[in-house]
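# Fold and contact review
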Amino acid sequence: MEGMIKRNWEYVCDHNKENAKILGEENVDPRCEDSENKFDFSVMSYNILSQDLLEDNSHLYRHCRRPVLHWSFRFPNILKEIKHFDADVLCLQEVQEDHYGKEIRPSLESLGYHCEYKMRTGRKPDGCAICFKHSKFSLLSVNPVEFYRRDIPLLDRDNIGLVLLLQPKMPCAASPAICVANTHLLYNPRRGDIKLTQLAMLLAEISSVAHQRDGSFCPIVMCGDFNSVPGSPLYSFIKEGRLNYEGLAIGKVSGQEQSSRGQRILSIPIWPPNLGISQNCVYEVQQVPKVETSDGDLTQTQLEKTEVLVTAEKLSSSLQHHFSLSSVYSHYFPDTGIPEVTTCHSRSAITVDYIFYSAEKEDVAGHPGAVALAGGLKLLARLSLLTEEDLWTVNGLPNENNSSDHLPLLAKFRLEL
């Protein structure tokens, strides 16, 4: 049996202080003292490695002993990890449909989870799942996102996203809903144009789901395998809310390879207008109503306005989104500068998996273009990641104890009202 590497909880702030003070109030329900103005919950993001994809890419697992690659060995290990960490929300990628129906969903439901699943389009065998504890949340809405679009040649890949709106169950205070998104973007390192468009489609859906009646946005947690490395243009766009992509080679977007030899430059705009998503990554409303004359033609005024809108869209070489998103992980160990790793196999060991979350409301005010939040999230703790060297001491991934080629990411959050 191979050794097991221990991962520790890293506490980002002192959340154990007694910070709920009831001043001069009597006859208060004791449950409210710690819960009236806050809601703590944990999130796991985990690419569990579809068995079909494992077998189709066996060259990535030449370092592994054959028995540890069998699903009959892997699933009990994966389930053991999920039970051990006991997260309130699970965002799972590469969830194979047949395994989901027969084993994964029934097992998770027996642990108190409600499960939602979106399979990839086409004939792909896997998809994404979001599962949450009945005891912590109620389900408000389920919003799948299909990135494949038959009418848009750029979007010919079968990746998907899934966005849930969850209502925290709080005994003593009303709270805003929480928007949880999960995705697995295209792998191909040389197709950054597709990845950025898929990301824009996910952000547009998040914006639609998280939007509240008063114009603010509820807190957001966005998880997944983004197939992009820290510091890459795609990663920076998520965190900074802006990307000027003029002159950027499509293979540079995700940072997975350094050579831009023979690569074309991102077109302006990246995606065609008929996608219906603006450069601000929101669904476009009908900016100009179609007013018809008696003979069925658009009026001259309407034609002029439409032409101006199209021209402005074509000139834009900047993407924006209006969320202030932070990464749970820092991606480098502070003492050594050595990169953290979320995936490791025979070909590479890098970070491509993330948990992003809405910054606390006091932080949003200083973020250019950020929208107002109805409550904000504070990161309390994260489960430490490992270095590539650490992982090779246990023969990389998968191994006897870790049954995916990705590590699970875990975070503990507090919603403060």
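Please refer to the structure placed before this passage.
A brief structural summary. (Residues numbered from 1 in each chain as written. Predicted model: local features only at pLDDT ≥ 70, side-chain atom pairs only at ≥ 80, totals over all residues. Heavy atoms only, no water.)

We now examine the packing of helix α5 (residues 192-210) against helix α6 (residues 233-240). Running from amino to carboxyl end, α5 crosses α6 at an angle of 20 degrees, the nearest separation of the two axes being 11 Å. In terms of axis orientation, α5 runs roughly parallel to α6. At the point where α5 passes α6, the crossing takes the right-handed sense. On the side of α5, the interface is formed by K195, L196, L199 and L203, while α6 contributes L234, F237 and I238. Broken down by class, the residue content of the contact of α5 with α6 amounts to six nonpolar, no polar and one charged. (Axes fitted to C-alpha atoms, helices over the stretch in contact; angles between N-to-C directions. Helix = DSSP H or I, 4+ residues; strand = E, 2+ residues; numbered from the N terminus. Parallel < 35°, antiparallel > 145°, perpendicular 65-115°, else oblique. Left-handed = near helix turned anticlockwise from the far one by under 90°. Contact = heavy atoms within 4.5 Å. Nonpolar A, V, L, I, M, F, W, Y, C, P; charged D, E, K, R; others polar.)

A few words on the packing of aromatic side chains. In this structure the tally under the stated criterion is 14 aromatic pairs. With a centroid separation of 5.1 Å and an interplanar angle of 50 degrees, the aromatic rings of Y357 and F413 are classed as tilted. Of this pair, Y357 sits in strand β15 (residues 353-358) while F413 is found in strand β17 (residues 409-416), placing the two residues 56 residues apart along the sequence. For the pair shown, Y357 and F413 are each scored as buried. (Phe/Tyr/Trp six-rings, centres within 6.5 Å; stacked < 30°, edge-to-face > 60°. Buried < 20%, exposed > 50% of the residue type's maximum accessible area, 1.4 Å probe, protein only.)

For strand β8 (residues 178-184), the tally of buried residues reaches seven of seven residues, placing the bulk of the element in the interior. Side-chain alternation along β8 places I178, V180, N182 and H184 on one buried face and C179, A181 and T183 on a second face that is also buried. For strand β7 (residues 160-168) and β8, the ladder comprises six bridges, and the chain directions are antiparallel. Residue pairing for β8: G161 is matched across the bridge by T183. Taken together, the six bridges between β8 and strand β9 (residues 220-225) define a ladder with parallel strand orientation. Residue pairing in the sheet places T183 in a bridge with G224 of β9. As a crossover connection, the stretch from β8 through α5 into β9 is right-handed. (Pairing = 2+ DSSP bridges. Right-handed = clockwise from strand over helix to strand, strands pointing away.)

Where helix α3 (residues 71-85) contacts helix α4 (residues 97-110), the two axes come as close as 11 Å, and the packing angle between them is 25 degrees. Regarding the angle of α3 to α4, the classification is roughly parallel. In the packing of α3 onto α4, the handedness of the crossing is right-handed. Contacts between α3 and α4 involve W71, F75, L79 and I82 from the former and H99, E103, I104, S107 and L108 from the latter. Here the contact of α3 with α4 is composed, by residue class, of six nonpolar, two polar and one charged.

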